[in-house]
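Architecture at a glance
Letter by letter, the chains look like this.
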Amino acid sequence: MSDYSVINDISNTLVHLLWTNFEADNQINPGIINSSNQITLNSLADMESAERLSLFLFRISENPFMKNQDMEKLDSTRLTYPPCTVDLYYMITPRTQNRTNDHFILGKIMQIFHDHGILKGENLQGNLAGSTEELRLVLSPLSIEDMTQIWNLFRDQSYILSLCYQVTPVKIDSTREIDARRIVERDVGYYQMRFTT
């Protein structure tokens, strides 16, 4: 079960996953990325000078394969509407001011996300921690046209090689419930018809 904080929890999960793996890699830390504070959820336009890696959530879309789910049973008398299920799209861009270091970072990120293609259990942060949720990390390359449209938003930024990853399925629980009481009695009525001759 995941409430509306799930989007923030997933963003923090990705930051935590990356930093945990960067911290243990002596080619990345120290030297390229020295702390989790250098990984940001800001867009490139909002990055501060000390930040080296942007995980920018640029798109959220409804998951078309999970639209027609059944209601879920809460207990013997209540049902809840199915969750809103969405996909999150992150543009991941290193900005280390050094092309070689940027390439190291991109390669390391692809390795980490490949090795942790399913996020579950101990990898999850926030309200997702300890839940049974399973999220998939999928490399989702953008077309040149899509990438150009995104980069046009950052007018003062030169193009930097980036990755795009999809996180799916992300469930946001509904708060709508209905009564589903069992039928415990039945009222059978019958009518007598009178015929007149």
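Chains are numbered independently. Their residues run from 1 in the order of the written sequence. For this predicted model, a pLDDT threshold of at least 70 governs which residues receive local features, and a threshold of 80 or more governs which side-chain atom pairs are given and counted, while totals over whole chains, interfaces and linings are taken from all residues. As a rule here, side-chain values cover all heavy atoms of the structure and leave hydrogens and water aside.

**Details of the packing of aromatic side chains**
What counts here: Here a pair means two rings of Phe, Tyr or Trp (six-membered ring of Trp) with centres within 6.5 Å. Their orientation is stacked below 30 degrees between planes, edge-to-face above 60, and tilted elsewhere. Secondary structure follows DSSP: runs of H or I at least 4 residues long count as helices, runs of E at least 2 residues long count as strands, and numbering of each begins at the N terminus. Burial classification: accessible surface area is computed with a 1.4 Å probe over protein chains only, and a residue below 20% of its type maximum counts as buried, one above 50% as exposed, and the rest as partly exposed. Note on criteria: charge over ring means Lys NZ or Arg CZ within 6 Å of the ring centre, with the direction from the centre no more than 35 degrees off the ring normal.
The tally for this structure, following the rule as stated, stands at 2 aromatic pairs. Ring centres of Phe58 and Tyr89 lie 6.5 Å apart, and the angle between their planes is 55°; this geometry places the pair in the tilted category. Taken together, the residues Phe58 in strand β2 (residues 53-62) and Tyr89 in strand β5 (residues 84-94) connect sequence positions 31 residues apart. For the ring pair Phe113 and Tyr165, a centre distance of 4.8 Å and an interplane angle of 85° mean the geometry is edge-to-face. In this pair, Phe113 is assigned in helix α2 (residues 99-115) and Tyr165 in strand β8 (residues 163-172), connecting sequence segments 52 residues apart. Take Phe113 and Tyr165: they sit in the same class, and that class is buried. Arg59 extends its terminal NZ or CZ atom over the ring of Tyr89, reaching a point 4.6 Å from the ring centre.

**Here's the deal with the packing of helix α1 (residues 6-23) against α2**
The packing of two helices is summarised by the inter-axis angle and the distance between the axes. To keep it simple, the criterion reads: With axes taken as lines fitted to C-alpha atoms, and helix axes fitted only over the stretch in contact, angles between N-to-C directions fall between 0 and 180 degrees. To sort the angles, those under 35 degrees are grouped as roughly parallel, those over 145 as roughly antiparallel, those from 65 to 115 as roughly perpendicular, and the leftovers as oblique. Here is the rule for handedness: rotate from the far helix to the near one, and if that takes an anticlockwise turn smaller than a right angle the crossing is left-handed, while a clockwise turn gives right-handed. Note on definitions: a residue-residue contact is assigned when non-hydrogen atoms from the two residues lie within 4.5 Å. We call Asp, Glu, Lys and Arg charged. Ala, Val, Leu, Ile, Met, Phe, Trp, Tyr, Cys and Pro are nonpolar, and the rest, Gly among them, are polar.
Interaxial distance between α1 and α2 falls to 10 Å at its minimum, and their mutual angle equals 110°. Between α1 and α2, the angle is such that the two are roughly perpendicular. In this structure, the crossing between α1 and α2 has a hand that is right-handed. On the side of α1, the interface is formed by Leu14, Leu17, Leu18, Asn21 and Phe22, while α2 contributes Ile105, Lys108, Ile109, Ile112 and Phe113. Across the contact of α1 with α2, the residue classes tally to 8 nonpolar, 1 polar and 1 charged.

**A closer look at the sheet that holds β8**
Let me state the cut-off plainly: One requirement defines pairing of two strands: DSSP has to find at least two bridges between them.
With respect to topology, 6 strands assemble into an open sheet ordered β1-β2-β5-β8-β7-β6, the strand pairing being mixed. At either margin of the open sheet sits one strand with a lone partner, and together these are β1 (39-40) and β6 (118-119). Across 4 bridges, the pairing between strand β7 (residues 135-139) and β8 is antiparallel. Bridging from a neighbouring strand, Leu139 pairs with Tyr165 of β8.

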